[in-house]
Amino acid sequence: PFRRVGSYARVYEAQRPTGPRVLIKLLLRQPATPLELLYVAHEGAVAGFVRHPTVVRPTAMCLERPLVAFIYPMLPGGSLGDVLAAIRTGKRRPLTDPIIQRVGQSIVRALGNLHSALGRGHGSLTPSNIVFDTPIESKKATARLTDYGLDYLRCAQGAETRVPCPSYTSPEAL
């Protein structure tokens, strides 16, 4: 089923026939030229290259137009965007200070690893790109990053002439 539209992709939930639930992120703007398709493949390979416990890597890519997509594992804890939306609508209580500190520390560790591994900023890191392996209230919950830097795809494909989401962009990219 359809979940949401992000800055660069339409997101669907799916069940693999012999495996876990996944998120399929179908690019909103499909690559029009072989060079654009090559760039998408390169970005997917770079995303798969980063190995860190607080980073969620794509498990697969589809490079067949018009279905160019990235496939990610679906984590049971949901995203920070989901948590914040539930707080705004009164469906859950605000986060406690220890939870906020734990989440913040996980994010900082992951960003440090990404910056050193990729040699560039993280692109557009939004609350929906911060996901949890278990419910956020669990002391074992770890914040993990996904879609780090894939907003570069929008810029590279000519969809934007500036960074797509300045309020969530790394300072060096502004």
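Up top is the structure these notes are about.
Attention in this report is confined to the structure presented alongside it.

Looking now at the packing of aromatic side chains. Aromatic rings considered in pairs are described by the distance between their centres and by the relative angle of their planes. Inspection of the entire model under this criterion finds 0 aromatic pairs. We note K25 situated over the ring of Y72; from NZ or CZ to the ring centre the distance is 4.9 Å.

Before going further, it helps to examine the sheet that holds strand 4 (residues 60–62). Spatial ordering of the open sheet is given by 1-2-3-5-4, a layout of 5 strands whose pairing is antiparallel. Each of the sheet's edge strands pairs with one partner strand only, and the pair in question is strand 1 (2–5) and strand 4. In this sheet, adjacent strand axes meet at a mean angle of 25° when their direction is disregarded. As defined by bridge partners, strand 2 (residues 9–15) adjoins strand 3 (residues 21–27) across 7 bridges and the pair is classed as antiparallel. Bridge assignment links A9 to a residue of strand 3, and that residue is L27. Most of the contacts of helix 1 (residues 34–49) go to strand 4, to which it runs at about 170°, and overall it touches strand 3, strand 4 and strand 5 (69–73).

Here we take up the nonpolar core. Among the nonpolar cores identified, the biggest contains 16 residues, and V103, I107, I130, F132, I136, A143 and L145 are the most heavily contacted of them. Among the secondary structure elements, those contributing two or more residues to this core are helix 2 (80–88), helix 3 (97–118), strand 6 (130–132) and strand 7 (143–145). Examining the composition of this core, we find that 6 residues originate from one element, helix 3, more than from any other. Of all hydrophobic cores here, the second largest spans 11 residues; its members include A9, L27, V40 and Y72.

Parameters at a glance
- Residues numbered from 1 in each chain as written.
- Predicted model: local features only at pLDDT ≥ 70, side-chain atom pairs only at ≥ 80, totals over all residues.
- Heavy atoms only, no water.
- Phe/Tyr/Trp six-rings, centres within 6.5 Å; stacked < 30°, edge-to-face > 60°.
- Lys NZ or Arg CZ within 6 Å of the ring centre and 35° of its normal.
- Pairing = 2+ DSSP bridges.
- Helix = DSSP H or I, 4+ residues; strand = E, 2+ residues; numbered from the N terminus.
- Axes fitted to C-alpha atoms, helices over the stretch in contact; angles between N-to-C directions.
- Contact = heavy atoms within 4.5 Å.
- Core = buried A, V, L, I, M, F, W, Y, C linked by side-chain atoms within 4.5 Å.
- Buried < 20%, exposed > 50% of the residue type's maximum accessible area, 1.4 Å probe, protein only.

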